[in-house]
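Report on the structure
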Amino acid sequence: PRRCGGAHSTMKAVALPHDLQVVITDNVPKGIDDPTTEVDGRRIFWPAAFSKETYDVLTEFLPEVIRDKGAPKVISQENFTADVLNVWGNQFILGHELGHAIIHQLSLPLTGLEEDSADGFATFFTVNDKDTGPNAGLGAAVLARVHQPEEAGVTHLAQHLARGHAGFFPGERVRLDFAGDESRD
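Residues numbered from 1 in each chain as written. Predicted model: local features only at pLDDT ≥ 70, side-chain atom pairs only at ≥ 80, totals over all residues. Heavy atoms only, no water.

**What about the sheet that holds strand 3 (residues 43–47)?**
- Read from one edge to the other, the open sheet built from three strands follows the order 1-3-2, with strand pairing classed as mixed. What marks the edges here is a single partner per strand, and that holds for strand 1 (21–25) and strand 2 (36–37).
- Of the strand pairs in this sheet, strand 1 and strand 3 are connected by five bridges, and their pairing is parallel. When the bridges of strand 3 are listed, Ile24 appears paired with Trp46.
- Set on the sheet, helix 3 (residues 82–105) makes contact with strand 1, strand 2 and strand 3; between it and strand 3 the angle comes to about 150°. (Pairing = 2+ DSSP bridges. Helix = DSSP H or I, 4+ residues; strand = E, 2+ residues; numbered from the N terminus. Contact = heavy atoms within 4.5 Å. Axes fitted to C-alpha atoms, helices over the stretch in contact; angles between N-to-C directions.)

Printed below as a string of structure tokens:
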């Protein structure tokens, strides 16, 4: 079986009391439509169609951005593609779900929202990867921008991603400047 390098290295660096399974399947429990960690932190369900769905929304969104404004300055033109951003964004989402698993398995106390802590772990998990650096966070920020919750047809993914990413790379305050954005930070 193929191993996820990031998940495997986390398991080696953090002694979890229970095994952690990432289950990629078409047969997810009812109500799960995006990657979700079980409350006990032992399993992450990843709907098989999820990565294809995120790829599809990126292929619709990116041409409009390129046409109207061009790629954000923090992402090179050659990396501002659905293929690259989908891999980066899903890598960050995996880090986020691993964060939930670690919080639950180790019963870590939280001083704020669990979603923010899971995002913090995802940032740490991906930025410290020599091959990824900040790119996974940038990919997740683009996915969050594509899934704006005020648009019709809000999904759980849109709400989940918009909670901590909302077009920013956490901690760096880099604004992903897309066409139609009026506010500046």
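**Let's talk about the pattern of salt bridges**
- With the rule as written, the count across this model stands at five salt bridges.
- Close ionic contact of Glu38 with Arg43 constitutes a salt bridge, the shortest N to O distance being 3.2 Å.
- Accessibility expressed as a relative area gives 24% for Glu38, which makes it partly exposed.
- When the shortest N-O distance is used, the salt bridge between Arg67 and Asp68 registers 2.9 Å.
- Here Arg67 falls in the exposed class, since its relative accessible area comes to 61%.
- Here Asp68 falls in the partly exposed class, since its relative accessible area comes to 47%. (Salt bridge = Lys/Arg side-chain N within 4 Å of Asp/Glu carboxyl O. Buried < 20%, exposed > 50% of the residue type's maximum accessible area, 1.4 Å probe, protein only.)

**Section: the packing of aromatic side chains**
- Counting across every chain of the model gives two aromatic pairs.
- Taking the centre distance of 5.7 Å and the plane angle of 90° together, the rings of Trp46 and Phe50 count as edge-to-face.
- Pairing Phe121 with Phe125 gives two aromatic rings, centres 5.7 Å apart and planes at 25°, and the pair type is stacked. Of the two residues, Phe121 and Phe125 are both situated in helix 4 (residues 114–127); the distance of four residues between them amounts to about one turn of the helix. You'll find Phe121 and Phe125 in the same group, each marked buried. (Phe/Tyr/Trp six-rings, centres within 6.5 Å; stacked < 30°, edge-to-face > 60°.)

**Here we look at the nonpolar core**
- Judged by nonpolar contacts, the single largest core of 26 residues is most densely connected at Leu58, Leu62, Ile75, Phe80, Leu85, Leu98 and Val142.
- Breaking this core down by element, the ones donating at least two residues are strand 3, helix 2 (50–68), helix 3, helix 4 and helix 5 (135–146).
- Examining the composition of this core, we find that eight residues originate from one element, helix 3, more than from any other.
- When neighbours within four sequence positions are excluded, Leu85 is seen to be in contact with Leu58, Leu62, Ile75, Asn79, Phe80, Gly139 and Val142. (Core = buried A, V, L, I, M, F, W, Y, C linked by side-chain atoms within 4.5 Å.)

**Some details on the environment of Phe121**
- Classification of Phe121 by relative accessible area gives buried; the value is 19%.
- The spacing of Phe121 and Glu97 is 24 residues in sequence and 9.1 Å in space, taken between C-alpha atoms.

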